[in-house]
Amino acid sequence: MKTTIGLSAGLALAASAAVAQETWDMPMAYADSNYHSQTGKEFAKCVGTATGGEITITVHAGGSLFKGNEIKRAVQTGQAPIGERLLSAHQNENAVFGVDSIPFLATTFEQSAALWDAAKPTYEQILDEQNLVLLYATPWPPQGLYFKKEVNSVADMQGVKFRSYNSATARLAELTGMLPVQIEAAEISQAFATGVAESMISSGATGYDRKVWEHLTHFYEVDAWMPRNHVFVNKDVWGGVSDANKNAIRACAQLAEYAGHWRAVQYTDFTLNGLRAGGMTVQPANDGLVGELNEIGKTMASEWEAAAGEAGAAIVAKFKGQ
Ligand code: PCA
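Residues numbered from 1 in each chain as written. Predicted model: local features only at pLDDT ≥ 70, side-chain atom pairs only at ≥ 80, totals over all residues. Heavy atoms only, no water.

## So, the sheet that holds strand β10 (residues 228–234)
Okay, step 1: What the 3 strands build is an open sheet, ordered β3-β10-β4; its pairing is antiparallel. The sheet is open, and its two borders are formed by β3 (82–86) and β4 (132–139), each paired with just one other strand. Across the sheet, the axes of successive neighbouring strands diverge by a mean angle of 25 degrees, strand direction being ignored.
Okay, step 2: Direction of pairing for β3 relative to β10: antiparallel, over a ladder of 5 bridges. Note on β10: the bridge partner recorded for R85 is H230. (Pairing = 2+ DSSP bridges. Helix = DSSP H or I, 4+ residues; strand = E, 2+ residues; numbered from the N terminus. Axes fitted to C-alpha atoms, helices over the stretch in contact; angles between N-to-C directions.)

## Here we look at the sheet that holds strand β7 (residues 179–182)
Okay, step 1: If you walk across this open sheet you meet the 6 strands as β7-β6-β8-β5-β9-β11, and the pairing is mixed. Single-partner strands in this sheet number two, and they are β7 and β11 (281–284). Across the sheet, the axes of successive neighbouring strands diverge by a mean angle of 25 degrees, strand direction being ignored.
Okay, step 2: Bridge analysis of strand β6 (residues 161–164) against strand β8 (residues 199–202) gives 2 bridges, and the strand direction is parallel. Its bridge partner being in β8, R163 is matched across the sheet by M200.
Okay, step 3: Packed onto the sheet, helix α9 (residues 243–277) meets β5 (144–147), β9 (218–221) and β11 and runs at close to 150 degrees relative to β9. (Contact = heavy atoms within 4.5 Å.)

## Considerations on the site of the ligand
Okay, step 1: Residues in close proximity to the ligand include Y30, L86, W140, Q143, R163, Y165, A185, S202, S203, T206 and P227, which together make up its full environment.
Okay, step 2: One of the side-chain N or O atoms of Q143 is found 3.0 Å from an oxygen atom in the ligand.
Okay, step 3: Side-chain polar atom of T206 to a nitrogen atom of the ligand: 2.7 Å apart, as the coordinates give it.
Okay, step 4: Under a 2 Å grid-point criterion requiring more than half of the atoms, the pocket assigned to the ligand is the largest cavity. (Near = heavy atom within 4 Å. Polar contact = N/O pair within 3.5 Å; in protein donor to acceptor, adjacent residues only side chain to side chain. 1 Å grid on protein atoms, 1.4 Å probe; cavity = no way out; pocket = protein on both sides within 12 Å on 5 of 7 lines; lining within 4 Å. Sits in = over half its atoms within 2 Å of the grid points.)

## Side note on the pairing of β3
Okay, step 1: Summarising burial for β3: 5 of the 5 residues are buried, a large majority.
Okay, step 2: The two faces of β3 match: I82, E84 and L86 on one face and G83 and R85 on the other face are all buried. (Buried < 20%, exposed > 50% of the residue type's maximum accessible area, 1.4 Å probe, protein only.)

In structure tokens, the structure reads:
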């Protein structure tokens, strides 16, 4: 009798252990076909495999579950357990989040990786204070300027309606005499179609994803900066994950950061060629314009340094090897 009870209790336990499975919805903001979304999906698969099916992640790309500007709050408050966000758009919360959008500081994939290495511990700490646990971050290709006319100087930009995606892009618009309007990448095709915006700074990747050749004509390679998307989990959700599964998820995150970096590298030339195939003129900005942008970049860098204080200065010094 006792043995039977013991056995059925044991079976019940085994059954409850087997159903201790969780599904995490993972909102992401960018095109489903973009490498950030692809990396998120591969990360999700990895987590499913590495946790033996105990944690399943479902990616919702393109801002379909939460829009880009809603994702961070959604994860902080537990409306979504995990998500991806471009943290430079949250520079108003902490200026350090703008370190990857300082003009002309880190403009190659190698420099972007080194800057991230220098910045990561500070991001982890800030996110921890915001009820978030950082998992991985993936760079965007170098940022260049899109217009629907030839532009050879800052004077040519006066009064142009400019789509911004974070504080740095809005500030760049102000300093070049353009009119910034903040619009998520998922909505830019519509913004260009309706004339709400007629220019932007972004990667070839985002222009390609959104087929901007339907509305714009010129892409100037400026290599202004390389912002990152960051994947993070709600801290309370993370606290409920077993140590074994935490290790498994960390390993998947490392793999995602590595693979995402190389997907970004590959996507850079592919998408610049895609813009050309769409009929756009793709070329480096001329020397005069580069000189003007460098001056504006210095202003923006010193404004950021003043806002980000010691924490910011320490990241930049570490990046520069000082
Ligand atoms: N694409 C994103 C951010 C940077 C980029 O290259 C966007 O334009 O919203």
